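Here is what each chain is made of, one letter per residue.
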Amino acid sequence: MLVLRDIDKRYGATHAVKSVSLDARPGTVLGLAGENGAGKSTLLKMLSGVERPDRGTITLEGRPIAMASTTDALDHGIASVFQELTLIPTLRVDQNLFLANAPTTALGRIDRRALARRAEELLTRYGLAIRPDAEIERLPLGERQQLEIVRAVERNPRVLLLDEATSALSAREVAWLHALTERLRGLGTITLFISHRWDEVVTFCDRVAVMRNGELVGEAATADLPEDEAIRLMTGESFATAFPHRPAHRAEPALVATGLRSRALHGVGLTVRKGEILGLGGLVGQGQRPLLEALFGAHALEAGEIRVGDHVPVHRLDPRRAIRQGVAYVPQERKSEGLLLDKSIAVNMTLAILGRLTSLLGIVDRRRESAVVDPAMKRLAVKARSPQVKIGTLSGGNQQKVLLQKWLFTEPGVLLLNDVTRGVDIGTKLEIYQIVADIARQGVGVVWYSTDALELVGLAHRVLVMLDGRINAELVDTEITTEAIVRAAIVKEGADAAALH
Amino acid sequence: MRHDSDAATIAGRSEPAGRPRLGHHLSQSAAPIVLVGFVLALVVVGNLMAPGFAAPGNLAQLLKLAAFMGIVAIGQTLVMLTGGIDLSLAWVLTAAALVFTDVSQGQNAGLLPALAAALAVGVAVGAINGFAVAKLRISPIVMTLAMNNIMQGVALVYSDGTPRGGVPEAMRTLTTGAIGPLPTMVLLWAAATILVMLVLRCTRAGRALLAVGENPRVAWLSGIGNTRVIILAYTASGLCAALAGVLFAGFSGQAFLGMGDQFVLPTIVAVVLGGTSILGGRGGYGGTAIAVIFITLLTTVLIIENISPGIRNIVFGGVVIVALFFYRFLQNSGRSAS
Amino acid sequence: MPPRSTSARLLADHWPVLVFVALLALNIALKQRFSLFDLRTLCANALPLALIALGQYFVVMTRGIDLSLGPIASLAGAVLSLSIGDNLALGLAAPVVIGAVAGLANGVLVARYRFPAIIVTLATMTVWQGVALVVLPNPGGFVPPEIQRLATRGLWFPPTPLILLVLTMIGAGWVMSSRFGLHLRAIGGDEAAATMSGVRATRTTILAYTLAGVMAGLGGAYLALATASGSPTIGDDYILSSVATVVVGGVALSGGRGLTSGVVFGALILTIIGSLLYSAGISSFYQSMLTGLILVAVVAGGSAQMWLKSRSEGLRHAA
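Residues numbered from 1 in each chain as written. Chains lettered and ligands numbered in written order. Predicted model: local features only at pLDDT ≥ 70, side-chain atom pairs only at ≥ 80, totals over all residues.

What follows covers the overall build of chain A. Assigned secondary structure in chain A consists of 19 helices and 19 strands. Judged by the C-alpha coordinates and their principal axes, chain A covers about 75 × 55 × 45 Å. Considering chain A as a whole, with its 501 residues, one finds that 49% of them fall into the buried category. Taking the contacts inside chain A whose residues are at least 6 apart along the sequence as the reference set, 68% of them involve residues at least 24 apart. (Helix = DSSP H or I, 4+ residues; strand = E, 2+ residues; numbered from the N terminus. Buried ≥ 20, exposed ≤ 12 C-beta atoms within 10 Å, placed from the backbone. Contact = placed C-beta atoms within 7 Å.)

A few words now on the overall build of chain C. Counting its secondary structure elements, chain C contains 13 helices and zero strands. On the principal axes, the C-alpha backbone points of chain C span a range of 65 × 50 × 35 Å. For chain C, the proportion of its 319 residues judged to be buried stands at 55%. Looking at chain C alone, contacts between residues at least 24 apart form 79% of all its contacts between residues at least 6 apart.

What follows deals with the nonpolar core. Leu416(A), Leu93(B) and Ala96(B) are the most contacted members of the largest nonpolar core, which totals 371 residues. It is helix α11 (residues 226-252) of chain B that contributes the most residues to this core, 17 residues altogether. A domain-level breakdown of this core finds at least three residues from each of domain 1 (2-90 + 135-235) and domain 2 (253-326 + 412-500) of chain A. With residues near it in sequence (within four places) discarded, Ala96(B) still touches Ala118(B), Val121(B), Gly122(B), Ala241(B), Ala242(B), Gly245(B) and Val246(B). (Core = buried A, V, L, I, M, F, W, Y, C linked by C-beta atoms within 7 Å. Domains from an automatic or database assignment.)

Now for the environment of Phe329(B). Relative to the assigned elements, Phe329(B) resides in helix α14 (residues 309-337). Here the alpha-carbon distance between Phe329(B) and Ala66(B), two residues 263 residues apart in the chain, equals 29 Å.

Take the confidence of the model for chain A next. Chain-level statistics for chain A give a pLDDT mean of 87 and a share of 97% at 70 or above. Low confidence marks residues 496-501 of chain A, where pLDDT is under 50. Its contacts with residues over four positions away, or in another chain, come to three contacts. (pLDDT = per-residue confidence, 0-100.)

Another aspect to go through is the sheet that holds strand β5 (residues 63-65) of chain A. All names here are of chain A. A sheet is described by the order of its strands in space; here four strands give the open sequence β2-β1-β4-β5, paired in antiparallel fashion. Pairing within the sheet leaves two strands with one partner each, and these edge strands are β2 (14-24) and β5. Each neighbouring strand pair of the sheet contributes to a mean axis angle of 30 degrees, computed without reference to strand direction. In the sheet, strand β1 (residues 2-11) pairs with strand β4 (residues 55-60) via five bridges, with the strands oriented antiparallel. Bridge assignment links Val3 to a residue of β4, and that residue is Thr59. (Pairing = 2+ DSSP bridges. Axes fitted to C-alpha atoms, helices over the stretch in contact; angles between N-to-C directions.)

This part covers helix α12 (residues 260-279) of chain C. With 20 residues, α12(C) extends 29 Å between its outermost C-alpha atoms, agreeing within 8% with the 28 Å of an ideal straight helix rising 1.5 Å per residue. Trailing α12(C) by a residue or two, Gly281(C) shows a phi angle of about 75 degrees, which is positive. (Expected span 1.5 Å × (residues − 1).)

This part takes up the interface of chain C and chain B. Accessible area lost when the parts come together is the quantity often used to give the size of an interface. Facing 43 residues of chain C, the contacting portion of chain B comprises 51 residues. Among the elements of the structure, α5 (117-135), α11 (236-248) and α13 (285-313) of chain C are those that each provide at least two residues to the side of chain C that touches chain B. Looking at side-chain class alone, the side of chain C that touches chain B contains 29 nonpolar, 11 polar and three charged residues. (Nonpolar A, V, L, I, M, F, W, Y, C, P; charged D, E, K, R; others polar.)

The next subject is the environment of Pro89(A). Inspection of the secondary structure assignment puts Pro89(A) in the loop between β6 (78-81) and α3 (93-97). You can call Pro89(A) partly exposed: it has 16 C-beta atoms within 10 Å. With 50 residues separating them along the chain, Pro89(A) and Leu139(A) place their C-alpha atoms 9.4 Å apart. Excluding residues that lie within four positions of it along the chain, Pro89(A) makes contacts with Ile136(A), Glu137(A), Gly189(C) and Asp190(C).

Residue and element names in this part refer to chain C. It is the contact of helix α2 (residues 36-61) with α12, at a shortest axis distance of 8 Å, that shows an interaxial angle of 140 degrees. Here α2 is positioned oblique relative to α12, judged by the angle of their axes. Between α2 and α12 lies a crossing whose hand is right-handed. Side by side, α2 and α12 meet where Leu42, Asn45, Ala46, Leu49, Ala50, Ala53, Leu54 and Tyr57 of the first sit next to Thr260, Val263, Val264, Gly266, Ala267, Leu268, Leu270, Thr271, Ile272 and Ser275 of the second. The residue inventory of the contact of α2 with α12, partitioned by class, reads 13 nonpolar, five polar and no charged. (Parallel < 35°, antiparallel > 145°, perpendicular 65-115°, else oblique. Left-handed = near helix turned anticlockwise from the far one by under 90°.)

Attention now goes to the domain arrangement of chain A. Residue and element names in this part refer to chain A. Under the domain assignment, chain A is made up of domain 1 (2-90 + 135-235) and domain 2 (253-326 + 412-500). Taken together, the contacts link 13 residues of domain 1 with 14 residues of domain 2. For the side of domain 1 that touches domain 2, the element with the most residues is helix α8 (residues 227-235), which contributes four residues. Grouping the amino acids of the side of domain 1 that touches domain 2 by side-chain chemistry returns four nonpolar, six polar and three charged.

On to unusual backbone geometry. In the Ramachandran plot, Ala381(A) falls in the positive-phi region, its phi being about 55 degrees despite a non-glycine side chain. Here Ala381(A) is to be found in the loop between α14 (366-380) and α15 (396-408). Look at Ala381(A) and you get exposed, because 12 C-beta atoms sit within 10 Å. In this structure, Gln105(B) takes a positive phi of about 50 degrees despite not being glycine. Tracing the sequence through the fold places Gln105(B) in the loop between α4 (89-104) and α5 (111-134). Given 14 C-beta atoms within a 10 Å radius, Gln105(B) is considered partly exposed.

On to the interface of chain A and chain C. With 23 residues of chain A at the contact, the number on the chain C side is 25 residues. Its residues assigned to classes, the side of chain A that touches chain C shows 10 nonpolar, eight polar and five charged.

In C-alpha cells:
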C-alpha cells in the first residue's frame, strides 16, 4: 500500500502541490489526471526521487520513506518511466538492458552470446519482437519506449510510475502495455499512470485521482467517473482574473501557414489576422512548440508553406529571415533559449535590433541604446538598479518582461509567444496580459501558446487546440471555455464530433 | 549539437554548454585583477634575484618580447570566446613569415606586397578553419590540428626546407626600435589591445561574438548569423598569427622553420588564465594580455635564475594547475556569497 | 532509421582495415617488393604510435582528450634507458608505473575535480616534459644491444614488432570487450543515462585516463628499446599524432564510438603513408600535409554522413 499524506511542494512563488493526500492499493492502477500545471508531474517527480517534498510523508507498506535521488527510489522498489529516455543510443539493445552487470566469461570478456541470450529471453518474456543486437539509435521511438518500460518492470518494483509512457507508442504497442499492466496488477504491483489521452486513462486505470492547481479535487473509480464529470473537476470554478478588454481585430491575415509537416507536425495549417490573438492550447508536448518554432523558421519542415503578410510564401525559413519579415518569437525557456544570463539587461534587450543602434564602424551607440532601453525599463517597471546589471540576477518575472521587450523592439507584424507566463508571478502576469492586448490593438497578429487555459479564455479571439501533432479543434469567441479546451485536449475530434458542435 | 559537443570535449565534462552559472562569472572578472597582483609580485621577486630587473628599460624589453605572443593571443582569445580553439597558429605563423621574407627579398620596396601576401595566407587559412567549424561542423581541435599539419607541409614545400629572402630594413627598425622610452612593438601591441577590447565591448560584432560563445541557440534565435561570426573569429585568428609571424621575423632578422611552435600552447594557457571561459562567451582580451605578460615574466625570471628548462616546464605546468584550483575556489566562494 | 544489414555494419566499422590494405598494396606495387625487413620496419614504426593512440582512444571514448601522452612516453622511455642496463625487471616495470601514476593524476583532475580535460592535460604535459628533461637532459641512456635486437627483430619469423602489434590489438580488444569497455562506451554515449543505469562514471573515467597513461608508458618503453636510447623529447610528436590516429581510425571525438582495431590500423595507415611517399619519390615535406588532409577528409566525411542522416529524420541543429 502506497500512502501519501499532506505532500506539499513549492517552486519559488509557485505552489505546485498543495497538501495532497492519496492512497494506492497493491494490485491497482491509479491514474493521475489534470490540466497543465495541475501538479501531476511534480507529484510523480517526488515519488521517483527526482524531487523532494517540502512537507508531508510517503509511506510504502507501512514504512515511511525518504528519497534523495532516483537511486534511493529504486532501492525502495519504486521504478519510473518518463518521457525522456535513459537508453544509451550508441549501444545495442542487449547492452543497454544489462549495462551494469553484463555476463562475463572466465577471461573477463563480456559473454556476447550469453548477453544476447539473456536479452532474447527477456524480450520474449515480454512479448517484444525486437532484436537483441539492434542499435538503439536505429530503433523507432515506440520500441525504445517499450524497452524503457521493460527495464523498469524487470526490477520487480513495488510501485511503477508511468509518466506519459504511452506518448510514443503506437496503438498496438499501447495494447501491449495494457496487457503488461494487467499482469502487474495480478502480481500486486501499484501502478501510477499519467496520460494525456483520456481514453487511455479509462482503459488502464481502476481509479483516477484528479488534480487542479496543485490540489487533489477528486478521486473515484474510473467506472464511476464519466468524462464530463472528470473535465469539470479538472477545470473547476475559476477565479475571476482581470483580463484586459479584447480589442477588435481586422480581417487581413498577418500570417498564413498551410500543410506544415515534420516529425512532430502532421499537417497543420493556420491563419492569424492582424490584431487577432490566436490561442494555442492542448496538453504539453502535442506539437505546440514545434509549430511556433516552425513559424519562426527554427524547426525543420518536411513540407508546408508560410506566408507572412505580403511577403512571398516560403518553404524554408530561418530566424534571420523570419525577423526580417516581421516575425518575432518569444521562446519557452527564457534561461536557455531566450536570454544571455551573463550579459546585461541592455545587451539582452537590444540583441535583436543591433543594426538600428550602430553608427559607423559597427560601434554601438550607447546614447541611442539608452534612449531606447531606459524608457522601456520604466514603462515595463523592470525592477533593477540599472540597465547594466546582469540579467541573471533578476527575478523570473522581470526577466520575462525584458525578454518580451526585446522582441517588441523588432516591431513585428506577427508575435509568437511560447508560454510566456509560465513561472511568473501573478502581478507580472497581469502586466504581460496588458502588453499583449496593447500590441494586438496596434494590429500585430499574436499566436499565443499557453498551458493555462484560463489565459486563453480571457484573451484569445480564437483558440486552436492541438493533440498528437494536429489541430484537434478550433474554438471561436463564446465557444472558448476551459471545459471546451480541456475536452479538446484529451478527446480526439471525430470520435466526439457530435458532442462538440 | 555538434558545436556543443566540441565545447564539451574541449572543456571536459565540467559544464553543459548553454547553461551558464552565475558564480562562474565572478571568477572571470576577478582573474585579471589577481593576475595583475601576480605580475607585480613577479617583478618584485625578479628584482630581488637580479637587481635592475625592475628597471624601466628592462621591463620595456620584456614587454617587447611579450608583444609577439600577445598578438597571437588576440586571435586565440577571439576563437576561444566562441567556444573553439586554434591549434593551427604555429605553422600559419611560420608560413606567413616565410612568405614575407621570400616576397620582400629583404627590400623595403617589397615590404607592402610581402605584408599583403603574408596576411593573405593567415586570412585564407583562418577562413577555411572557420568554414569547416561553422558549416561542416568539424571539431575545432581536429580541424585546426589538421590545418597545422597541412600548413607545415605547405611551408616546407614552399621554402624547400630553407627559408629564402630576408627581412626589409624598415621592418627590422619597426620591431626592434623604440619611440622615446617605449619600444615600437609595445606601442603596437597596446594599440592592438585597445582595438580588440573596443571591438569586443562596444561593437555589434563584439556583442554577436560573445552571444554566440555564451549560448549559440539564443544567438541564433535572436537573428545573429552564427556561421558568419565563427568564420570571422577564425579568420581574425589566422590574421593575428600571420601578423605575429611577420613581426617576429622582423625582430629575429629572419624567418626560420618551427618559429611558431612556441606560441600555441602558451596562448591557450594565457587565454584561460586571463579569465576567458573555455566554454566561450565570457571573458575578454584584457585578462589575456595580462596573462601573457605574466607568462613572459615567469619564464624570464626562471631563466635568470638559471633554472633548467626541465624545472621551468614543471613550474609552468604547476602554475596552471594551481590557477585552476584557485579559480575554482573563487568560483565556489562567489557562489556561496551570492 | 532502419537497421543496418550485417555487411553494412561490418563495412562501417572496419573500413580502416580496407584503407590500410589498399595503401599496403600500393606501397608494394611502387617498391616492387615487400621483404621481412619492410614488415619489421613497418610494425616497429607503427607500434609506439598504436600504443599511444590506444591510450588516447580510451580517453576520447569518455569525451575527453589527453595532450600529455607524448611526454609521458618520453619520460617512461628515459627512465627505462637509465635503469635497464642495471636491472632488467626495473627497467621494464618503471614505464608502466610511471604511466599509471601520470594517468591517474590526469584522471583525478578531470573526473573527480571536473577541470576541463584540455587544460589539465596541457598542464600535466608541460610538467612531464619538464620531468623528462630533468631526468635526462640530453638523449642518452643505455639499452643492452641484445635487448634492442630482441625488440626490433626477435627470432626470424614472426618478428617481434609484429608479434607485439598483434598482442596489442588483442589486448586492447580484450579491454574493450570487458565490462569496463562497455561502461566506457556508455559514458561516452550519454553519461547521465549511464549513471542512472548503475555505471560508476567517475571511477571508470579515472581508470580510462590511468590506462591511457600506461599505454603511453608502454609506447615510450618500446621507443627506447628500439632506438637503444632515451630521449626527453621523442614523445612530443605523438602528442597530436595520437589524436590524428584516433580520428583516422574512425573514432568520434564526441565519445562513445569506435573500435580499437580501427585505432591500430589507423596507426598503420599513418605509418605507411610515410613509406609510400618515400617509395613514390615524393619529398617527406608532404607527409604532414597529407596527414592533415586525410584527417580533414575523414572528419568531413563523418560530418556529411551525420548531416544526411539528420536531414532524413527531419531534424535541425541550432547553429
